[in-house]
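Fold and geometry: a report
So you can see what is in the structure, the chains are spelled out below.
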Amino acid sequence: QVQLVESGGGLVQAGESLRLSCAASGSTFSLNRMGWYRQAPGKERELVATISGGGSKNYADSVKGRFTISRDNAKNTVCLQMNSLKPEDTAVYYCNEIQYGSGRQYWGQGTQVTVSS
């Protein structure tokens, strides 16, 4: 059974940094595309960043140059380093996994990030 557990959210001031982590289990992690999405109150869930099994990265324009996604296949973890945070980054952040081959998609429970101005 696939399980994704996020951690690292919290309340910070604008300009500060946070590092989110997602621990994955129950799948062949190294082959799968991993990603971070976020959902602000009253808004649709949106892509933040993805990283493929081969290490290719993709970012939303709104976070380019500020956020960095990374993965550690030995530890089955994916991280999101968030720098220069802005109030508009406030949202629940979700870890996402798309399994290689089957295309099945899984979500974590989410972690709240709140950036005060």
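Grouped together as the largest cluster of nonpolar side chains are 27 residues, with contacts concentrated most on W36, V78, L80, M82 and Y93. Only β3 (18–25), β4 (33–39), β5 (46–51), β7 (67–72), β8 (77–82), β9 (91–98) and β11 (111–116) provide two or more residues apiece to this core. The greatest single-element share of this core, amounting to four residues, is contributed by β3. Beyond its immediate stretch of four places on either side in the chain, M82 contacts E16, S17, L18, L20, R66, F67, Y93 and V113.

A few words now on the side chain of Q99. Looking at the secondary structure, you find Q99 in the loop between β9 and β10 (105–107). Overall, Q99 belongs to the buried group, its relative accessible area being 16%. Apart from the residues lying within four places of it in its own chain, the contact partners of Q99 are V2, S27, N32, R104 and Y106.

With that settled, consider the environment of F67. Along the chain, the position of F67 falls in strand β7. Assessed through its relative accessible area of 3%, F67 is described here as buried. Leave out the neighbours within four places in its chain, and F67 touches R38, V48, Y59, L80, Q81, M82, N83, L85, D89 and Y93.

In total, this model carries four salt bridges according to the counting rule given. The shortest N-O distance in the salt bridge between R38 and E46 comes to 2.7 Å. Residue R38 is classed as buried on the basis of its relative accessible area of 6%. Exposure remark for E46: the relative accessible area of 38% places this residue in the partly exposed category.

For the rest of this paragraph, the subject is the sheet that holds β3. Strand order in the open sheet formed by four strands is β1-β3-β8-β7, and the pairing between neighbours is antiparallel. If you trace the sheet from one side to the other, it starts and ends with β1 (3–7) and β7, each paired once. Between one strand axis and the next, the sheet turns by 15 degrees as a mean value, whatever way the strands run. Across six bridges, β7 lies against β8 in antiparallel orientation. Counted as the bridge partner of D72 is T77 from β8.

Cut-offs and rules
Residues numbered from 1 in each chain as written. Predicted model: local features only at pLDDT ≥ 70, side-chain atom pairs only at ≥ 80, totals over all residues. Heavy atoms only, no water. Core = buried A, V, L, I, M, F, W, Y, C linked by side-chain atoms within 4.5 Å. Buried < 20%, exposed > 50% of the residue type's maximum accessible area, 1.4 Å probe, protein only. Helix = DSSP H or I, 4+ residues; strand = E, 2+ residues; numbered from the N terminus. Contact = heavy atoms within 4.5 Å. Salt bridge = Lys/Arg side-chain N within 4 Å of Asp/Glu carboxyl O. Pairing = 2+ DSSP bridges. Axes fitted to C-alpha atoms, helices over the stretch in contact; angles between N-to-C directions.

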